[in-house]
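Coordinates in review
Now for the letters of each chain:
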Amino acid sequence: MTKHLLQGTALALALTFTAGLQGHAAEVDTIAVLVPEQGTDFGWNQQGVDAARAAAAATGVEIIVAEGLGYGDIRPTLRELAEEGADLMIAHASGYNTAAPEIATETGVAVAIVDSPEALEPGLVADYTLSGHEGAYLAGVMAAKLNRTGTVGIVVSGEPPSWNAQSAGFAQGVQATNPDINIIYAVIGPAAYADAAGGNRVTGAVIAAGADIVFGQGNGSSFGMLQAIETTPATDGEKVLFIDVIGDKRSIDKGHLLTSVLWDMTPVYTAMIEDLQNDSFGTKSYAISIADDSVRLLETDNVPAETWTEVMAVRDQIIGGEITLEPIFDAEGVRALVTTVE
């Protein structure tokens, strides 16, 4: 069945209630996931929505999806969702990290926020500081093996901890494979997650500077990155390849997608629901990892079979402890690893 929130603000909310399975714990009947953009971006927003739906189905609870909320004040929306009966509100954007805990305290409804391990509060506030740095390292290894021009690029729509960890992991993977490759690092803006035009412009500049493989991290801005890659040849005259994050853009790819650092947040959200049911919610941060495939690389036709085998061998070394990777969450740490910052 489908319900709609009352229109009290300019925000347009699409709320989908998914019928739950039988046998769920009575204290957690409904969860809500809140995302700033539409849940059809093949990236951060879509993965958050899809994973929340999957976790709700797995645990037998109903779900409310509130999408397209933007990056402004979501306190009214959080209050309304609490009144609608949400027992857990997943605030799936770093810009929501202040408002969500405030409303949790005000309403008594549990919230989950991102990139804030210091904000844990038993029974009320949980954190999921997600890092795809292991997958990004593998993507860096792949990029170094397939690089032609001696230069690769990283284009980001901002510098939140999750993006920083992946940028650093990618740079480390490139350097471990071929330390002679130049790594260009470019930031579209401080919070340019939806800036497709900016993604196009900045990616074009990185390609002009010599990059033939671009690791792009953005939500809506990633579509601009793809447009630049599809229309701008590398300095050697050949096509540029794109490494995406979180989602699978193969259905819209025009032959330039090399791989993606795929994220699956379903285990994270499932654990949150279960922990809320067993009174351990808010006592730990949740993570994703290549060990359980909640982080993995996408295999495409642009990856030679031999290269894929070599990269998967590196994956085994990480899982086995032969290669140890610590996430770098600060922007300064990322910039220290790259050759050029634009």
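Residues numbered from 1 in each chain as written. Predicted model: local features only at pLDDT ≥ 70, side-chain atom pairs only at ≥ 80, totals over all residues. Heavy atoms only, no water.

**Here we look at the packing of aromatic side chains**
- Per the stated rule, a full pass over the model turns up 5 aromatic pairs.
- Between Tyr128 and Tyr269 the ring centres are 5.5 Å apart and the planes differ by 85°, which places this aromatic pair in the edge-to-face class. With a gap of 141 residues between them, Tyr128 in strand 7 (residues 125–128) and Tyr269 in helix 8 (residues 266–277) connect regions that are remote in the sequence. Exposure class is identical for Tyr128 and Tyr269. Each is buried.
- The ring of Phe223 has Lys249 sitting right over it, with the charged end atom 5.3 Å from the ring centre. (Phe/Tyr/Trp six-rings, centres within 6.5 Å; stacked < 30°, edge-to-face > 60°. Helix = DSSP H or I, 4+ residues; strand = E, 2+ residues; numbered from the N terminus. Buried < 20%, exposed > 50% of the residue type's maximum accessible area, 1.4 Å probe, protein only. Lys NZ or Arg CZ within 6 Å of the ring centre and 35° of its normal.)

**Re helix 9 (residues 305–319)**
- Taking 1.5 Å as the rise per residue, helix 9 with 15 residues should run 21 Å; its terminal C-alpha atoms sit 21 Å apart, in good agreement.
- Buried within helix 9 are the following residues: Thr307, Trp308, Val311, Met312, Val314, Arg315 and Ile318. For helix 9, the buried positions fall inside an angular range of 150° around the axis, keeping them on one side. Every exposed residue of helix 9 that faces more than 90 degrees away from the buried side is listed here: Ala305, Glu306 and Thr309.
- The inward-facing, buried residues of helix 9 abut helix 4 (133–146) and strand 14 (295–297).
- Gly321, located one to two residues past helix 9, shows a positive phi value of around 90°. (Expected span 1.5 Å × (residues − 1). Arc of directions from axis to C-beta. Contact = heavy atoms within 4.5 Å.)

**Focus: the pattern of salt bridges**
- With the rule as written, the count across this model stands at 12 salt bridges.
- One salt bridge in this structure joins Asp73 and Arg75, with 2.8 Å as the shortest N-O distance.
- For Lys284, the salt bridge identified is with Asp275, shortest N-O distance 3.5 Å.
- Lys284 sits in the partly exposed class, given a relative accessible area of 39%.
- Classification of Asp275 by relative accessible area gives buried; the value is 8%. (Salt bridge = Lys/Arg side-chain N within 4 Å of Asp/Glu carboxyl O.)

**A few points about the sheet that holds strand 12 (residues 257–263)**
- With respect to topology, 7 strands assemble into an open sheet ordered 14-12-11-10-8-9-15, the strand pairing being mixed. Of all strands in the sheet, those with a lone pairing partner are strand 14 and strand 15 (340–341), marking the two edges. (Pairing = 2+ DSSP bridges.)

**Description of the sheet that holds strand 4 (residues 62–66)**
- Taken in spatial order, the 6 strands of this open sheet run 4-3-5-6-7-13, and their pairing is parallel. In this open sheet, the two strands that pair with only one neighbour each are strand 4 and strand 13 (285–286).
- When strand 3 (residues 30–34) meets strand 5 (residues 88–91), the two strands line up parallel, connected through 4 bridges. Of the residues in strand 5, the one forming a bridge with Val33 is Ile90.
- Across the sheet, helix 3 (residues 99–107) touches strand 5, strand 6 (110–114) and strand 7, and the angle it forms with strand 6 is around 170°. (Axes fitted to C-alpha atoms, helices over the stretch in contact; angles between N-to-C directions.)

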